[in-house]
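Coordinate inspection notes
If you want the building blocks of each chain, they are given just below.
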Amino acid sequence: MEIKKVGVLGCGLMGAGIAQTAASAGFETTVREVSEELWQKGFAAIEKSLERFAAKGTITPEQQKQTRDRLFGTTSFDDLADCDIIIEAIIENLGEKQTTYRQLDAICKPETIFASNTSSLSITEMMAATSQKRQQRFIGMHFFNPVPLMKLVEVVRTILTAPDVYEDSVAFGKNLGKVPVRASDKTGFIVNRLLVPYMLDSIRALEEGVGSVVDIDNAMKLGCGYPMGPLTLGDFVGLDTTYYIAEIMFNEFREKRFAPPPLLKRMVMAGLYGRKSGRGFYDYTKDPKNPTPMNLV
Ligand code: CAA
């Protein structure tokens, strides 16, 4: 089946990025949010990102306009009924996701592929909320922040995903301009399986006094050529999100490397969520950013 019409559920950071990517790649894209205000906010973020690409000359003004014209915002599930694929990027709450999929299963055409952008919840558990037929058409499509820039998409299959649906989804990932990697539905897939223990270890290193915030970041940035140090990356992903993912992975594997360190928990309890709240390992309310003063002993 050729995927032509794309639906996106949720127009937050990830949903907006996915919608922008799909529309830029030439797909008619309908984005559903709970209120018009929310999809308008997401569309404003898309516009800002397109402006950045246009200012650099990565896209022409004509491509910018075409991308805009391919995007439709809605608050109604019914507008997604004839989509070939629906990519869900709503809140990371299993119950909410299951309720949404159940509703969509009843109104979408039988061919519609359901895809979740979850980073750590079980695709199988979401899939189980839908009818037996749909279960074969259920996959994970995990994108990376910032979606318009990051080249990877993890395409995840469950034990029930039909082979042709999986191949169509991998091909769709390529048509989005991404590099798809194949993964099975094991918590964290490939990237978070490897990335989360690394990020948690960098916090343990800070707790143990191995190095300062800046030195730990510089060590990995300059010593390994990573675009960001692990603590800056934690602030970028969100420390609340990192904590949440680590908890899910620890519950699944019961391995110490996935256990969130006490410092991470305390920072989340103190409201230090990273960039989104203004402070995390660094204080973003000041320019230039400096490490947030914290009593570590
Ligand atoms: N849209 C368009 N352009 C954007 C953009 C956006 N959303 N965000 C950044 N840019 C552009 C900037 O305008 C800038 O352009 P110029 O080079 O022409 O100035 C360029 O990208 C680089 O941006 P910055 O100068 O602001 O900063 P940078 O060089 O550090 O790059 C970055 C930013 C691409 C985010 C880079 O730091 C990076 O790759 N960081 C790692 C990100 C990462 O690891 N993401 C995965 C997180 S894990 C995840 O998402 C999954 C999960 O489940 C938790």
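All values reported here derive from a predicted model rather than from experimental measurement. (Residues numbered from 1 in each chain as written. Predicted model: local features only at pLDDT ≥ 70, side-chain atom pairs only at ≥ 80, totals over all residues. Heavy atoms only, no water.)

Looking at the site of the ligand
Quick reminder of the rule: For each residue, the test is whether any non-hydrogen atom lies within 4 Å of the molecule or strand; if one does, the residue is near. Within 3.5 Å is the distance limit for a polar contact, defined as a pair of N or O atoms, with the added protein rule that one can donate a hydrogen and the other accept it, and that residues adjacent in sequence qualify only through two side-chain atoms. Computed with the Shrake-Rupley method and a 1.4 Å probe, the accessible areas treat only the protein chains shown as cover for residues. Secondary structure elements follow DSSP: runs of H or I of four or more residues count as helices, runs of E of two or more count as strands, with numbering from the N terminus.
Inspection of the region around the ligand gives 19 residues, with S49, K56, S119, N145 and N192 positioned closest. At 3.0 Å, a side-chain N or O of H142 approaches an oxygen atom of the ligand. At 3.0 Å, a side-chain N or O of N192 approaches an oxygen atom of the ligand. Contact with the protein chains removes 64% of the 1,000 Å² of surface that the ligand exposes when unbound. Elements represented by at least two residues in the shell around the ligand include exactly α2 (36-56), α8 (191-207) and α10 (230-237).

Brief notes about the environment of A129
Note the cut-off: Residues are treated as being in contact if the distance between any of their heavy atoms lies within 4.5 Å.
For A129, the position within the fold is in the loop between α5 (123-127) and α6 (132-135). Residues within four places of A129 in sequence aside, it is in contact with Q98 and R102.

Description of the pattern of salt bridges
Applied cut-off: Take a side-chain nitrogen of Lys or Arg and a carboxyl oxygen of Asp or Glu: if they are within 4 Å of each other, that pair is a salt bridge. Relative accessibility decides the category of a residue: with a 1.4 Å probe and only protein chains considered, values under 20% of the type maximum give buried, values over 50% give exposed, and everything between is partly exposed.
Evaluation of the coordinates by the stated rule reveals 12 salt bridges. Among the ionic pairs, E47 bridges to R68, the shortest N-O distance being 2.8 Å. In this pair, E47 is assigned in helix α2 and R68 in helix α3 (residues 61-69), connecting sequence segments 21 residues apart. R68 sits in the partly exposed class, given a relative accessible area of 38%. Residue R182 pairs with E167 through a salt bridge whose shortest N-O separation is 2.9 Å. Highlighted residues: R182 in strand β8 (residues 179-184) and E167 in helix α7 (residues 163-175), separated in sequence by 15 residues. With a relative accessible area of 38%, E167 lands in the partly exposed category. Connected via shared salt-bridge partners are E88, E92 and K97.

A few points about the packing of α8 against helix α9 (residues 213-224)
This is how the line gets drawn: Interaxial angle, 0 to 180 degrees, is taken between N-to-C directions of lines fitted to C-alpha atoms, where a helix line uses only the stretch in contact. Any angle between 65 and 115 degrees counts as roughly perpendicular, while under 35 counts as roughly parallel, over 145 as roughly antiparallel, and the rest as oblique. Should the near helix be turned anticlockwise from the far one by less than a right angle, the crossing is left-handed, and should it be turned clockwise, the crossing is right-handed. Ten residue types, Ala, Val, Leu, Ile, Met, Phe, Trp, Tyr, Cys and Pro, are classed as nonpolar, four, Asp, Glu, Lys and Arg, as charged, and the remainder, Gly among them, as polar.
At a closest axis distance of 10 Å, the pairing of α8 and α9 adopts a crossing angle of 140°. In this view, α8 runs oblique relative to α9, as classed from their interaxial angle. The chirality of how α8 crosses α9 is right-handed. Contacts between α8 and α9 involve Y198, S202, A205 and L206 from the former and V213, I216 and M220 from the latter. In terms of residue class, the contact of α8 with α9 is made up of 6 nonpolar, 1 polar and no charged.

Some points on the domain arrangement of the protein
For an interface, size is often stated in terms of accessible area lost upon the parts coming together. For clarity, the cut-off: Domain delimitation in this document rests on an assignment produced automatically or drawn from a domain database. Note on terms: buried area is the combined drop in 1.4 Å-probe accessible area of two parts once they are placed together, counting the loss on both.
We note that the domain assignment places domain 1 (5-184) and domain 2 (193-290) within the protein. Relative placement of domain 1 and domain 2: their C-alpha centres are 27 Å apart. Each side of the interface is counted separately: domain 1 has 7 residues, and domain 2 has 4 residues. Of the roughly 450 Å² buried at the junction of domain 1 and domain 2 (both faces included), carbon and sulfur atoms supply 62%. A per-residue breakdown of the area domain 1 buries against domain 2 is headed by E92, S120 and N145, which together make up 68% of the total. Counting across the domain 1 and domain 2 interface gives 1 residue pair in polar contact (both at pLDDT 80 or more).

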